[in-house]
Amino acid sequence: VHLNCMFRKPLEPQPDGADYTDYTRALSDWAAQSTPYTRYPATTLASDPASIDTVAAVVRTTEHGLLVAGRLDTEAERSAVSRLAEQLGWPLIPDVTSGLRFGGAAARRIAFADQVLTDASFRDAMQPEAVLHVGGRFVSKRLQQYVKAARPTHHIVVRPDPARIDPGHQVTQHIESDVTAFCAALAEHVTSPEQTAWTRQWAAATDAVQDAVERALLRDDASLSEPFVAHHITQRVPDAQALVLASSMPVRDANRYGATDGAAVPVVANRGASGIDGTVATAAGVAAARAAPATLLIGDLALLHDLNSLALLGEVPVIVVVVNNHGGGIFHFLPIAKHTDVFEPYFATPHGCSFEHAAACFDLPYKRPETRDDFERAYRHACEQGMSALIEVQTDREANRDLHETLEQQARRAVQSACAD
């Protein structure tokens, strides 16, 4: 949030004869509370019966359908989408920001969809006839490309505002509706079918990928890596906390490799062109609003962009886990990485900094684990203390790229094996 503060003229302490005794009284009253100065109730968008009937007709005539859950903001939305998934019988692909990606068993959930879709033969064989997308944007570019290539006959988006989220220009119907109301109403119009071969194949593929990913990340000789950090945090974050995911690799790693058997905690992520800015401040705001600790998984460049917000963590408890690969590790996944003459100085932008002195500057407990066991102990201790802390995990950008490629190769083999069976 950017605040513009007006100052009187002249700024210097020169008496001008005006009486400002009551000038800031309203602000003083507001500052003593924890509520907004002005309240803006959310627009209530009741579900349109005609839209419900139209989508219900699509559902009843579709065997190969997908339910995609984008960003969901409330527990009511998450519950309504979960119940709809049960009634539809379609595979549910939950984005990490939906809040349905984590938290034990969930009906029809394809938690590792991004990795399942690494296999071209699976993508070609599993073409959806209809896609029902509820909520906001989703993280996976691979999922977006898959839906674009499939060109389903029906591509329906349900969200409570008219803004277009259709990079492939394929949406056949955009329904502006409250997500909770719409999903609850649609669930009443459809009956849960027996599990189809389509749904079973999606389920078998995601189970196989999950097994392959976890075996690779948790094997005895595996090193402390960025995917492991995302997996461990999502598995061990306390259920009273919220999880804040920074842009770039943290939100993508949590979406691809997050554990499904951890707590179903609220997930917050800033997305879009300015998503890297103010991430620490966002985490502090989440902790303050919930009056509970939060865990922030962030990259080194995003933390450097918002270093001064570490000052806020003396007032609210945020456990900052910074993955420091000394630059923009995500750019190693793009074609520009092959252009070595410009890549390092202009894209990777190495900085050579660690964050130990930053933690000391803001009086934050600091740990720099070197092994998986060290990281597990450091994160567990920080959670048990319930106070702010900074844990720095240093990694190598090229090794991280190689590990991601290895994990994707293993995911492809797992999908192929599961489909062959």
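See the structure printed just above.
In short, a report on the structure. (Residues numbered from 1 in each chain as written. Predicted model: local features only at pLDDT ≥ 70, side-chain atom pairs only at ≥ 80, totals over all residues. Heavy atoms only, no water.)

For the rest of this paragraph, the subject is the overall build of the chain. Of regular secondary structure, the chain possesses 16 helices and eleven strands. Taken over C-alpha atoms, the radius of gyration comes to 24 Å for the chain, in line with the 22 Å a tight globule of 421 residues would show. Based on the C-alpha atoms only, the size of the chain along its principal axes is roughly 80 × 55 × 45 Å. Relative to its 421 residues, the chain shows a buried fraction of 47%. Sequence separation of at least 24 residues holds for 73% of the intrachain contacts in the chain that already meet a minimum separation of 6. Between the mean site of the 37 positive side-chain charges and the mean site of the 52 negative ones, the chain shows a separation of 3 Å. (Helix = DSSP H or I, 4+ residues; strand = E, 2+ residues; numbered from the N terminus. Rg over C-alpha atoms; globule rule 2.2 N^0.38 Å. Buried < 20%, exposed > 50% of the residue type's maximum accessible area, 1.4 Å probe, protein only. Contact = heavy atoms within 4.5 Å. Lys, Arg positive; Asp, Glu negative; His and termini not counted. Charge placed at Lys NZ, Arg CZ, Asp CG, Glu CD.)

Within a regular beta strand, the side chains point alternately toward one face of the sheet and then the other, so they alternate between its two faces. In terms of burial, strand E1 (residues 65-69) is a largely internal element, five of the five residues being buried. Two strands pair when backbone bridges link them, and E1 and strand E3 (residues 130-134) are joined in this way by five bridges, in the parallel orientation. Opposite alanine 69, over in E3, you have valine 134 as the bridge partner. Relative to strand E2 (residues 92-94), E1 runs parallel, the two sharing three bridges. Along E2, the bridge assignment pairs valine 68 with isoleucine 93. One crossover worth recording links E1 to the parallel E2 by way of helix H3 (residues 75-88), and it is right-handed. (Pairing = 2+ DSSP bridges. Right-handed = clockwise from strand over helix to strand, strands pointing away.)

Across the sheet, which stays open at both edges, the six strands sit in the order E7-E6-E8-E9-E11-E10 with parallel pairing between neighbours. Taken across any chain shown, the strands that pair with only one partner, and hence form the sheet edges, are strand E7 (267-269) and strand E10 (366-367). Contacting strand E6 (242-245), E7, strand E8 (294-299) and strand E9 (318-324), helix H11 (residues 279-290) crosses the sheet at an angle of about 170° to E8. (Axes fitted to C-alpha atoms, helices over the stretch in contact; angles between N-to-C directions.)

Applying the stated rule across the entire model yields four aromatic pairs. Ring centres 4.9 Å apart and planes at 85° place the aromatic pair phenylalanine 122 and tryptophan 202 in the edge-to-face group. In this pair, phenylalanine 122 sits in helix H5 (residues 120-125) while tryptophan 202 sits in helix H8 (residues 197-218), placing the two residues 80 residues apart along the sequence. With a relative accessible area of 0%, tryptophan 202 lands in the buried category. Of the aromatic side chains, those joined through ring pairs into one cluster are Phe122, Tyr146, Trp198 and Trp202. (Phe/Tyr/Trp six-rings, centres within 6.5 Å; stacked < 30°, edge-to-face > 60°.)

Before going further, it helps to spend a moment on the packing of H8 against helix H9 (residues 226-236). Interhelical geometry of H8 versus H9 gives an angle of 110° and a closest axis separation of 10 Å. By the criterion of interaxial angle, the relationship of H8 to H9 is roughly perpendicular. Between H8 and H9 lies a crossing whose hand is left-handed. Only Pro227, Phe228 and His231 of H9 make contact with H8, whose side of the interface consists of Glu214, Leu217 and Leu218. (Parallel < 35°, antiparallel > 145°, perpendicular 65-115°, else oblique. Left-handed = near helix turned anticlockwise from the far one by under 90°.)

Let us look at the environment of alanine 283. Within the secondary structure layout, alanine 283 lies in helix H11. Its relative accessible area of 0% is what places alanine 283 among the buried residues. Leave out the neighbours within four places in its chain, and alanine 283 touches Val244, Ala294, Leu296 and Val318.

Attention shifts here to the sheet that holds E2. Ordered in space as E2-E1-E3-E4-E5, the five strands form an open sheet in which the pairing is parallel. Of all strands in the sheet, those with a lone pairing partner are E2 and strand E5 (173-176), marking the two edges. On average, each strand axis in the sheet is inclined to that of its neighbour by 15°, with strand direction left out of account. Bridging between strand E4 (residues 154-159) and E5 involves four bridges; their strand directions are parallel. Across the sheet, the residue bridging to valine 157 is histidine 174, located in E5.

The next thing to look at is the pattern of salt bridges. Opposite charge on two side chains allows them to pair when their charged atoms are near. With the rule as written, the count across this model stands at twelve salt bridges. A salt bridge links arginine 78 to glutamate 75; the nearest nitrogen and oxygen atoms lie 3.4 Å apart. Note that arginine 78 and glutamate 75 are positioned in helix H3 at a spacing of three residues, about one turn of the helix. For arginine 142, the salt bridge is made with glutamate 408, and the minimal N-O distance between the two is 3.0 Å. Of the two residues, arginine 142 is situated in helix H6 (residues 141-150) and glutamate 408 in helix H16 (residues 397-420); the sequence distance between them amounts to 266 residues. Connected through shared salt-bridge partners, Asp114, Arg142, Arg256 and Glu408 make up one network. (Salt bridge = Lys/Arg side-chain N within 4 Å of Asp/Glu carboxyl O.)

Among the eleven residues of H9, nine are classified as buried, and the element is accordingly described as predominantly covered. Taken as a whole, H9 has its buried residues at Glu226, Pro227, Phe228, Val229, Ala230, His231, His232, Ile233 and Thr234. Its side-chain oxygen 3.2 Å from the backbone nitrogen of phenylalanine 228, serine 225 forms the N-cap of H9. (Polar contact = N/O pair within 3.5 Å; in protein donor to acceptor, adjacent residues only side chain to side chain.)

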